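The residues making up each chain are set out below.
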Amino acid sequence: MARYEIHGGTPLRGSVTISGAKNAAVAILPAAILIEGKCRVENVPDISDVRILLEILSDLGVVVERFPDGSVTLDSTVIRSTRPSPELVKKMRASYYLMGVLLSRFGEADVALPGGCNFASRPIDQHIKGFKALGANVDETEEYVRLSPGENGLQGARVNLDVVSVGATMNIIMAATLLPGQTVIENAAKEPHIVDLANFLNTMGANISGAGTDTIKIRGVEKLSGGTYAIIPDQIEAGTYLAAVAAVGGDVLVKNVIPKHMECITSKLQEMGATIENFDDAIRITSTGNLTCTTVKTRPYPGFPTDMQAQICVCMTVADGVSNLTENVYETRFFGYCNELAAMGADIQINGKTAIVTGTPRLSGASVTAKDLRAGAALIIAGLTARGTTYVDNIHYVERGYERLIEKMTALGADIRVIEE
């Protein structure tokens, strides 16, 4: 079984180039099904979630070709089925986007319920609400969601989401793209990857406005044409490297980023004592590793992202004083990694949806287990700060969302490698 072996205590120095955004790629790639022809997507991260998704698309009949420069061409002229492989769908969370694209193009879909990281109960009720509003009949079982046209057919509609949901916002955008009439999504999520999806679809001929605000309008078009589009840089990957430097210490230039997208993260790291310098498409971070306590509350964008909660918690474990970390999106997310950090000497008390973190001068190496993608990233940062050797199991979670992590970390001076046991 593969695991990471990490020898901590070495400051990080140099530069790292951020890959394309995972959360954008896993929506944009299935959105290619909406195009009756060929498109080219650039800056696609080479991660396991993307590889599984491309396998699903290929199995459906999409002609997929990958190139060494990180680009992918997809030709969706011929789709053989509206029932993607259940075995593959269950391997990743974002496979639920297949529901929206198949419904939009073919008027039906038969998709197994998704898999992925199991750090919280993440229902798809808001997705279903959107599909029903668009006129779909929904047959939902414990294992499948089957969509078909309702009595009055499929058409644009007004959808008011009960809660801000990134996945539902993106799925409804895709489902509405080829339907007649106008769809209005109210209480929509505003994350950068939602804007990226809308920009991709508009480049291909869609008519979408308001992405990045809480009201998004989609006027349905008859068809999409091909084109070329580059995915934005990954906000969370960039934030993970920034958090690592803040906790471990060092001087790193993080390249291929959009600094505006990073402000919710960099402002907190500055507050804790790191020095941040913004450039057009890069951020330089310097840190002595001597951090001070802070308070963080996760919120939908432009608030502090839940996907950075675990990484900032590691910074808090080695900061001076008592920090408070409140999770407002997935309240059970703490249980994926806090016990593992405690095994390394962290002092974390969970009180409902808040973690009270008392800083310690340094963590100690231990054998720990990643329970999900971002928990795994946090344990790597913890291992880099710790005395002695840390072993991280379940590294397949980390490989879902971080491209060439070992290569990038070692280039910065980290002592980390994969071992087989």
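The rules behind the values
- Residues numbered from 1 in each chain as written.
- Predicted model: local features only at pLDDT ≥ 70, side-chain atom pairs only at ≥ 80, totals over all residues.
- Heavy atoms only, no water.
- Phe/Tyr/Trp six-rings, centres within 6.5 Å; stacked < 30°, edge-to-face > 60°.
- Helix = DSSP H or I, 4+ residues; strand = E, 2+ residues; numbered from the N terminus.
- Buried < 20%, exposed > 50% of the residue type's maximum accessible area, 1.4 Å probe, protein only.
- Lys NZ or Arg CZ within 6 Å of the ring centre and 35° of its normal.
- Pairing = 2+ DSSP bridges.
- Core = buried A, V, L, I, M, F, W, Y, C linked by side-chain atoms within 4.5 Å.
- Contact = heavy atoms within 4.5 Å.
- 1 Å grid on protein atoms, 1.4 Å probe; cavity = no way out; pocket = protein on both sides within 12 Å on 5 of 7 lines; lining within 4 Å.
- Points joined across faces, edges and corners; volume = space filled by probe spheres on them.
- Nonpolar A, V, L, I, M, F, W, Y, C, P; charged D, E, K, R; others polar.
- Axes fitted to C-alpha atoms, helices over the stretch in contact; angles between N-to-C directions.
- Disulfide = S-S within 2.5 Å.
- Parallel < 35°, antiparallel > 145°, perpendicular 65-115°, else oblique.
- Left-handed = near helix turned anticlockwise from the far one by under 90°.
- Salt bridge = Lys/Arg side-chain N within 4 Å of Asp/Glu carboxyl O.

Trainee: Looking at this structure, I do not really get the packing of aromatic side chains. What am I missing?
Mentor: Here the distance between the centres and the angle between the planes together describe a pair of aromatic rings. Going through the model one piece at a time under the given rule, you end up with two aromatic pairs. Considering the side-chain rings of Y96 and Y97, the 4.9 Å spacing of their centres and the 85° angle between planes classify their relative orientation as edge-to-face. Where F200 meets Y229, the ring centres are 5.8 Å apart and the plane angle is 75°; that geometry is what we call edge-to-face. Pair noted here: F200 is in helix α7 (residues 192-203) and Y229 is in strand β13 (residues 228-230), with a separation of 29 residues, a long-range link. Residue F200 shares its accessibility class with Y229, and that shared class is buried. Taking the ring centre of F67 as reference, the NZ or CZ of R40 above it sits at 4.9 Å. Just above the ring of Y144 sits the side chain of R146; from NZ or CZ to the centre is 4.7 Å.

Trainee: I keep staring at the pairing of strand β20 (residues 322-326) and nothing clicks. Help me out?
Mentor: The two faces of a sheet get side chains in turn, since along a regular strand they alternate between them. The pairing of strand β18 (residues 295-297) with β20 spans three bridges and is classified as parallel. Within β20, the position partnered with T295 by the bridge is N324. Where β20 lies against strand β22 (residues 354-358), five bridges are found, and the strand directions are antiparallel. Residue pairing in the sheet places N324 in a bridge with I356 of β22.

Trainee: Is there a simple way to think about the nonpolar core in this case?
Mentor: Across soluble globular proteins, nonpolar side chains show a tendency to be buried alongside one another. Grouped together as the largest cluster of nonpolar side chains are 80 residues, with contacts concentrated most on L74, F200 and L201. Residues in contact with L74, not counting those within four places in the same chain, are L29, A32, G37, K38, C39, V41, L54, L57, V62, V63 and V64. Within the second largest apolar cluster, 72 residues are counted, among which are I312, A378, A386 and Y402.

Trainee: Help me understand the layout of surface pockets, please; the structure alone is not making it clear to me.
Mentor: Picture a little ball the size of a water molecule; that probe, rolled over the atoms, points out where space is still empty. The calculated volume of the largest pocket comes to roughly 1000 Å³. Considering the residues around the largest pocket, the lining is formed by 40 residues, among which V166, G167, T306, V329 and Y330 are closest to the centre. If you list the elements that add at least two residues to the lining of the largest pocket, you get α1 (22-31), α5 (125-133), α6 (166-176), α8 (235-248) and α12 (373-385). Residue classes in the lining of the largest pocket are distributed as 18 nonpolar, 11 polar and 11 charged.

Trainee: Sorry, what's going on with empty space enclosed by the protein here?
Mentor: With the rule as written, the count across this model stands at three cavities of 30 Å³ or more. Reported here for the largest cavity is a volume of approximately 80 Å³. In this structure, the largest cavity is lined by A21, K22, N23, P192, H193, I232, P233, D234, Q235, I236 and H261. Space inside the second largest cavity adds up to approximately 40 Å³. Along the walls of the second largest cavity sit P233, D234, Q235, A238, V257, I258, H261 and M262, which together make up its complete lining. Of the residues assigned to the lining of the second largest cavity, the class counts are five nonpolar, two polar and one charged.

Trainee: Teacher, can you tell me more about the sheet that holds β13 here?
Mentor: Taken together, the four strands give an open sheet; going across it, the order is β4-β5-β3-β13, and neighbouring strands pair in mixed fashion. Strands at the two margins of the open sheet, each flanked by one partner only, are β4 (63-66) and β13. Adjacent strand axes in the sheet meet at a mean angle of 15°, parallel and antiparallel pairs treated alike. Each of β3 (38-42) and β13 touches α7; the most contacted strand, β13, lies at about 165° to it.

Trainee: Whenever I open this one, the side chain of S104 confuses me. Can you help?
Mentor: Among the structural elements, S104 can be located in helix α4 (residues 97-106). Leaving out residues up to four positions away in the same chain, S104 has contacts with L34, M174, A175, A176, T177, L178 and L179.

Trainee: Can you help me understand the state of the cysteines in this one?
Mentor: Simply put, disulfide is the name for a covalent bond between the sulfur atoms of two cysteines. Inspection of the entire model under this criterion finds zero disulfides. Free of any disulfide, C293 has its nearest neighbouring cysteine sulfur in C315, separated by 13 Å. This cysteine, C313, is not joined by any disulfide, and C338 carries the nearest cysteine sulfur, 4.7 Å off.

Trainee: Where do I start with the packing of α1 against α4 in this structure?
Mentor: Axis separation between α1 and α4 bottoms out at 9 Å; the angle between their running directions is 25°. Classified by the angle between their axes, α1 and α4 sit roughly parallel to one another. Here α1 runs over α4; the crossing is right-handed. Residues V26, A27, P30 and A31 of α1 pack against Y97, L98 and V101 of α4.

Trainee: Whenever I open this one, the pattern of salt bridges confuses me. Can you help?
Mentor: Here the idea is simple: oppositely charged side chains can pair when their charged atoms come close. Under the defined criterion, the tally for this structure stands at 22 salt bridges. The salt bridge partner of D49 is R400, with a shortest N-O separation of 2.7 Å. Highlighted residues: D49 in helix α2 (residues 48-60) and R400 in the loop between α13 (396-399) and α14 (405-411), separated in sequence by 351 residues. Each of the two residues, D49 as well as R400, counts as buried. A cluster of three or more residues bridged by salt bridges with shared partners is formed by R3, D393 and E421.

Trainee: Help me understand the sheet that holds strand β2 (residues 12-17), please; the structure alone is not making it clear to me.
Mentor: Sheets are built from strands that pair by backbone hydrogen bonding, the pairs being arranged parallel or antiparallel. Within the open sheet, the four strands sit side by side as β2-β14-β16-β15. Their pairing is mixed. On the outer flanks of this sheet lie β2 and β15 (275-278), each paired with one strand and no other. Here the strands of the sheet are splayed against their neighbours by 10° on average, with no regard to which way each runs. In this structure, β2 lies alongside strand β14 (residues 250-255), joined through six bridges in parallel fashion. Along β14, the bridge assignment pairs V16 with V254.

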